[in-house]
Amino acid sequence: MMRLRNIFVLLCICSFSLLKAQELPVNYSLGENYNDRYKYSTILSIDDDQKGQTVIVRKYYGGVLLRAKGHYIEMYDADLNLIQDYNYKYSAMHMVDGFIRNGQLYLLELKYNNKKEGYEYIIHQTPLDDFNFTERSILFVSSKEVTNPLAVSKFNRSFNNGFSTAVHFNDKKNAFAITVQHREGKKKKYAMHLFGTDLKKHITYDFSTAAEDKNYAFENIEVSPDFQALYFSGKAYFKKRRFDAKERRFQYEVVRVTNSGHQTQEFNDAGRYPESLKPILIDNSLVTVGFYADRKDNRYNGLCYYKLNASSLEIQSKKYNAFSEQFMVDKFGREVNAEIKNLIFKSIHVTEQNALIFSAEEYFVTKGMDATSTGTRLEVERFHYNDIVCAKLNSQGDMEWARNINKAEVTQGDAAYASYTPYGKGETMFFFINSGENPQKMSKNRILFKQGFSRNPNLFVIQVKPTGDLSYKKLVDDKDVRLPIMVSKPLIRKTDNELLFYAKRGSRKQLVKVTVN
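Thresholds, definitions, all that
- Residues numbered from 1 in each chain as written.
- Predicted model: local features only at pLDDT ≥ 70, side-chain atom pairs only at ≥ 80, totals over all residues.
- Heavy atoms only, no water.
- Helix = DSSP H or I, 4+ residues; strand = E, 2+ residues; numbered from the N terminus.
- Buried < 20%, exposed > 50% of the residue type's maximum accessible area, 1.4 Å probe, protein only.
- Contact = heavy atoms within 4.5 Å.
- Areas by Shrake-Rupley, 256 points an atom, 1.4 Å probe, with all protein chains shown as cover.
- Polar contact = N/O pair within 3.5 Å; in protein donor to acceptor, adjacent residues only side chain to side chain.
- Core = buried A, V, L, I, M, F, W, Y, C linked by side-chain atoms within 4.5 Å.
- Pairing = 2+ DSSP bridges.
- Axes fitted to C-alpha atoms, helices over the stretch in contact; angles between N-to-C directions.

## Structural notes on the overall build of the protein chain
When you go through the protein chain residue by residue, the secondary structure sums to three helices and 36 strands. Put simply, the protein chain has 517 residues, and 55% of those count as buried. Contacts in the protein chain between residues far apart in sequence, at least 24 positions, make up 51% of those at least 6 positions apart. Here the protein chain displays about 23,900 Å² of accessible surface, and carbon together with sulfur accounts for 46% of that area.

This is how it looks when you write it as structure tokens:
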């Protein structure tokens, strides 16, 4: 009987390859292929204004050692035509992000002020119809200058450099939170601030007392609709507790902050170790989902679900959903007690029935040695973006299905070309990835999407139906778009079911508009 059930599971997952030829409700259109004056650049932000225009801000580099030289701004109309550009010759070391509000472009910078002897967050602001940047400071903190003030890696934080700050935008990108850890004399201070994208400060809170015994590395935020409550989720590292060699040195927590105080909810059930938790407000509850392990070495066993009181953070219900046989066969080709690690949250799509379709990616960093042109060897970091995990939880937190999409990518350069973009419509999820000409066949009728953003910039779309069935197709062929697509940094227009991708290599650039019908 068990053998028959296993055969049935294997037949189910064969649907991935068998459904390849099925027509998916996704198409695309191309903008003009333009010449570009800046060969080396990275995207800072991509956003749209009230007129349906797309605004792309790129940080560009020049010189023998490729130093930052400024920020280049492009504006495209609804038909993907480049209608205006502007060279903002300001080379910020720590330009954090950009956004548009009421016809104004805002760039957020972290800068050290030598005269005041401290760090400040500065807004660079200009009207879109007449570029003319002005600057203003929105936050200042006295501190000595440090080597790396921005906690750019939320998953590998350093707490001992005397100053550390991070910026977190919410999913709607109508607000952002700033956390600052610094020294004030002999005291360690921890401050939290919440701004709307209108730059009004809604919350300022001193979290220092709560942070005396723990170092907090927050990963995700949620903001109440009235901007009066701010929710953080992330790791709390114990400072003073002694640990065994194999013991976990942190626990996951959710912290609710207002101007008048804070509440904390710890997730420390015996034998359950949550990872990569994401909070999201649904109706009057704070739902928090992520992964869990049943031992302290972070080998994930399934998905966890917590429903909290949005005010008190009291846990109202919780569920632990083990990965299914189907998921294990998806990933490994057989049922095994194998390692599932390094999963990083990417997105949550909430359906009309308040079901949650959760996606994450297998991400990790390795180090190696590369030889230079002079024969010397340098240590380099390689960033791995591997399998996609997608799972559906119903409104009560029970898992309906979980699927693993096999993918392997590694990069030392611009991560915008790697990883993927998730998009949810109704009960269906779509994943957009770069891959080689054809996915690699694996055992048990599985397929593997492999590195494709360098020589073969093919854009694939993978569809996950409400039942969990998978299908895919090559959406954009490298014969149509000869430039690699920045697949993980699109502009998403939910009201129009559109995604706008930027394609660039060297001195050429092009926009690709994808429509989900």
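## Examining helix H3 (residues 325-332)
One turn of the α-helix equals 3.6 residues, which is why residues spaced by three or four share an orientation. In terms of burial, H3 is a largely internal element, six of the eight residues being buried. All of the buried residues in H3 are Phe327, Met328, Val329, Asp330, Lys331 and Phe332. Between a side-chain oxygen at the N-terminus of H3 and the backbone nitrogen of phenylalanine 327 the separation is 3.1 Å; the capping residue is serine 324.

## With respect to the nonpolar core
Counting residues in hydrophobic clusters, the biggest one holds 24 residues, and the most contacted among them are Val289, Phe291, Leu303, Phe323, Ile340 and Phe358. For this core, the secondary structure elements donating two or more residues are strand S19 (273-282), strand S20 (285-293), strand S21 (300-309), H3, strand S23 (343-350), strand S24 (356-371), strand S25 (377-393) and strand S26 (399-405). Apart from the residues within four sequence positions on either side, leucine 303 is in contact with Gly290, Phe291, Tyr292, Lys319, Tyr320, Asn321, Phe323, Phe358, Ala391, Leu393 and Met399. Core analysis: the second largest hydrophobic core is formed by 21 residues, Leu108, Val141, Leu150 and Val167 among them.

## Concerning the environment of glutamate 120
With respect to the helices and strands, glutamate 120 occurs in strand S9 (residues 118-127). Along the chain, glutamate 120 and serine 142 lie 22 residues apart, while their C-alpha atoms are 8.6 Å from each other. Apart from the residues lying within four places of it in its own chain, the contact partners of glutamate 120 are Glu109, Leu110, Lys111, Asn113, Ser137, Leu139 and Phe140. Here asparagine 113 takes part through its side chain, which lies 2.9 Å from a polar atom of the side chain of glutamate 120. Here serine 137 takes part through its side chain, which lies 2.9 Å from a polar atom of the side chain of glutamate 120.

## Here we look at the sheet that holds strand S16 (residues 230-238)
If you trace the four strands from one edge of the open sheet to the other, you get S15-S16-S17-S18, paired in antiparallel fashion. A strand with exactly one partner marks an edge of an open sheet, and here the two such strands are strand S15 (214-223) and strand S18 (262-267). Pairs of neighbouring strands in the sheet enclose a mean axial angle of 25°, with direction left out of account. Sheet analysis places S16 next to strand S17 (residues 250-257), joined by eight bridges and oriented antiparallel. Bridging from a neighbouring strand, tyrosine 237 pairs with phenylalanine 250 of S17.

## So, the sheet that holds strand S12 (residues 175-184)
Strand order in this open sheet of four strands is S11-S12-S13-S14, and the pairing throughout is antiparallel. Since the sheet does not close on itself, it has two edges, and those belong to strand S11 (163-169) and strand S14 (201-206), each with one partner. Strand-to-strand twist in this sheet, taken as the mean axis angle between neighbours without regard to direction, amounts to 15°. One ladder, built from five bridges, connects strand S13 (residues 187-196) with S14; its direction is antiparallel. Residue pairing across strands places leucine 194 opposite isoleucine 203, the latter belonging to S14.

## Focus on the side chain of lysine 392
By the secondary structure assignment, lysine 392 is in strand S25. The class of lysine 392 is buried, set by a relative accessible area of 5%. A polar side-chain atom of lysine 392 sits 2.8 Å from a polar atom in the side chain of glutamate 427. For lysine 392, the residues in contact, after removing those within four places along its chain, are Ala355, Leu356, Ile357, Asp398, Met399, Glu400, Trp401, Glu427 and Pro466.

## Comments concerning the pairing of S16
With respect to burial, S16 is a largely interior element, eight of its nine residues being buried. Where S15 meets S16, nine bridges bridge the pair, whose relative direction is antiparallel. For isoleucine 221, the partnering residue across the bridge sits in S16 and is phenylalanine 232. Linkage of S15 to S16, two consecutive antiparallel strands, is achieved through a turn of six residues, within which phenylalanine 227 is found at a positive phi near 65°.

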